Amino acid sequence: VDDTLGVYTEKYRKKLEQIGHSKYQAHWGRIKKINQYFGEEKSLNSISELDIDEFFQSLDCKRATKLDWLVVLRSIFELARKAGAISRNMVLDYKLPIVHNELNTEAIKPFSVEEVQQLLSHSQGTTLHNYLGIAFHLGTRPEETIGLQIGDIDFQKEEVHIYRVITKGKCKQPKTSGSLRTIPLPKNANLYLKKQVEIAKKSRSIFLFCKEDGSPLNDIEDIRGVKKRNGNWYRLLEQANVPYRKLMQTRHTFAVQAIKSQQYTLQEIASILGHTTLDMIFSHYGRYLDQSHLKIDRSVDIYAGKGDVLGDTSKIRHKLV
């Protein structure tokens, strides 16, 4: 039985294509890189656990993305096992090493307040202007922002409802129940939202961000352009003299500024971002919390005036005597 890598990467690609897998394009890109790294003619039986480990160490991406790579590699080896080309799928037993918070914080590169001002100033007259004004103030993910419809904005109640996402040409519900949420609408976001509503209505679209014919966007790339070195987002960063960062950093910028403002509790920030627990807040933004406790109001009385009774040292001293 042929045990060369290329045979089973192609079988896996065809399988993804046949079922119309939602991550087909992303996985196809990973398949090509796997072939390139190991070599299509490489015998699967000659790939060791150390080879697998070194492969994952070579990937320059966050742990969540590496998990997607792991799914692809496991599936390729599993097809080979079913065909009898290998006796055991060792990738099933492979565990990604635990990554400490330092790796997460490297992925968090929020914009400074000055950079936010620069980006908003230099983006005027473009679709990115309203997009950034909304994303910076709501902390929404890119796929959530372009999934917004006019009916999701309640200016009277000052609320924004997150019901859907748009990615890779598909409009669907967010992955987690926590992502289905209602966000308080900050007054500073009103201007950008109202301008975008006007634009959408002129195109007779229910979607806040849409194509000229009123149909929804296919992906955030329709606004951002290609990821790097070319496209609207990259050109804006150059014009504003702001170091390159991914568009997703608008969300991290909101979170960090919300923490620094001390106008929100951590649970409120987590709820706005769509996290069901505080774990993500601590793991992603822990370094921004380090000294925040020193800024609290010293006159706060958490015992509502009963503190003197609870800790009356004169009474305690009297009993001891």
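Use the structure listed above.
Before going into details, it helps to say that this report is about the structure given with it. Bear in mind the structure is a predicted one, so any value in this text is a computation, not a measurement.

Details of the packing of aromatic side chains
- One pass over the structure, following the stated rule, counts 11 aromatic pairs.
- Ring centres of F55 and F56 lie 5.3 Å apart, and the angle between their planes is 70°; on these two criteria the pair is classed as edge-to-face. Here F55 matches F56 in class, with each residue buried.
- Both rings, one in F56 and one in Y94, keep their centres 5.2 Å apart while their planes meet at 15°; by these two values the pair is stacked.

Remarks on the nonpolar core
- In this structure, L119, Y131, L132, V160 and W233 are the most contacted members of the largest nonpolar core, which totals 51 residues.
- Taken together, the elements giving at least two residues each to this core come down to α6 (113-122), α7 (127-138), β2 (159-162), α9 (187-202), α11 (232-239), α12 (249-261), α13 (266-273) and α14 (279-285).
- Here the element with the most residues in this core is α7; it accounts for 7 residues.
- In this structure, L132 is in contact with L119, L120, S123, W233, L236, L247 and T250, ignoring residues within four places of it in sequence.
- Among the nonpolar cores identified, the runner-up in size contains 28 residues, and L16, F56, M90 and Y94 belong to it.

Section: the pairing of β2
- Here strand β1 (residues 153-154) runs beside β2; their pairing, made up of 2 bridges, is antiparallel. In the strand pairing of β2, I153 is matched with V160.
- Here β1 hands over to β2 after 4 residues, with E158 in that stretch at a positive phi of 60°.

Some thoughts on the environment of S46
- Among the structural elements, S46 can be located in the loop between α2 (24-38) and α3 (49-58).
- The class of S46 is partly exposed, set by a relative accessible area of 37%.
- Separated by 42 residues in sequence, S46 and T4 place their C-alpha atoms 9.6 Å apart.
- Reaching out from S46, the side chain makes a polar contact with the backbone oxygen of S43 at a distance of 2.7 Å.

Overview of the environment of H21
- By the secondary structure assignment, H21 is in the loop between α1 (5-19) and α2.
- For H21, a relative accessible area of 27% translates into the label partly exposed.

A word on the packing of α1 against α2
- At a minimum axis separation of 10 Å, α1 and α2 run at an interaxial angle of 180°. One way to sum up the angle between α1 and α2 is to call them roughly antiparallel. Where α1 approaches α2, its residues L5, G6, T9, Y12, R13, L16 and E17 are matched on the opposing element by Y24, H27, W28, I31, I34, N35 and F38.
- Tallied by class, residues from the contact of α1 with α2 come to 8 nonpolar, 4 polar and 2 charged.

Some remarks on α12
- Over its 13 residues, α12 runs 18 Å from end to end, which matches the ideal 18 Å to within 8%, given 1.5 Å per residue.
- Among the 13 residues in α12, 10 count as buried, and that is most of the element.
- Within α12 the residues assigned to the buried category are Q249, T250, R251, H252, T253, F254, A255, V256, A258 and I259.
- Positive backbone phi, at 60°, marks Q262, one or two positions downstream of α12.

Considerations on the layout of surface pockets
- Taken as a whole, the second largest pocket encloses approximately 390 Å³ of empty space.
- Lining the second largest pocket are 15 residues, with F136, H137, N188, F254 and Q257 sitting closest to its centre.
- Of all elements in the fold, only α6, α7, α9 and α12 reach the threshold of two or more residues within the lining of the second largest pocket.
- No other element matches α12, which puts 5 residues into the lining of the second largest pocket.
- Among the residues forming the lining of the second largest pocket, the class breakdown is 8 nonpolar, 6 polar and 1 charged.

Quick look at the side chain of H275
- Here H275 shows up in the loop between α13 and α14.
- Leave out the neighbours within four places in its chain, and H275 touches R141, R251, A270, M280 and I281.

Thoughts on the pattern of salt bridges
- In total, this model carries 13 salt bridges according to the counting rule given.
- Of the charged contacts, one joins E144 and R141 as a salt bridge, the two residues approaching to 2.6 Å between their closest N and O atoms.
- Classification of E144 by relative accessible area gives buried; the value is 1%.

Section: the sheet that holds β1
- The 3 strands are arranged β1-β2-β5 in an open sheet whose pairing can be described as antiparallel. Each edge of the open sheet is held by one strand with a lone partner, namely β1 and β5 (181-184).
- Bridging between β2 and β5 involves 4 bridges; their strand directions are antiparallel. Looking at β5, one finds that V160 is bridged to I183.

What counts as what
Residues numbered from 1 in each chain as written. Predicted model: local features only at pLDDT ≥ 70, side-chain atom pairs only at ≥ 80, totals over all residues. Heavy atoms only, no water. Phe/Tyr/Trp six-rings, centres within 6.5 Å; stacked < 30°, edge-to-face > 60°. Buried < 20%, exposed > 50% of the residue type's maximum accessible area, 1.4 Å probe, protein only. Core = buried A, V, L, I, M, F, W, Y, C linked by side-chain atoms within 4.5 Å. Helix = DSSP H or I, 4+ residues; strand = E, 2+ residues; numbered from the N terminus. Contact = heavy atoms within 4.5 Å. Pairing = 2+ DSSP bridges. Polar contact = N/O pair within 3.5 Å; in protein donor to acceptor, adjacent residues only side chain to side chain. Axes fitted to C-alpha atoms, helices over the stretch in contact; angles between N-to-C directions. Parallel < 35°, antiparallel > 145°, perpendicular 65-115°, else oblique. Nonpolar A, V, L, I, M, F, W, Y, C, P; charged D, E, K, R; others polar. Expected span 1.5 Å × (residues − 1). 1 Å grid on protein atoms, 1.4 Å probe; cavity = no way out; pocket = protein on both sides within 12 Å on 5 of 7 lines; lining within 4 Å. Points joined across faces, edges and corners; volume = space filled by probe spheres on them. Salt bridge = Lys/Arg side-chain N within 4 Å of Asp/Glu carboxyl O.

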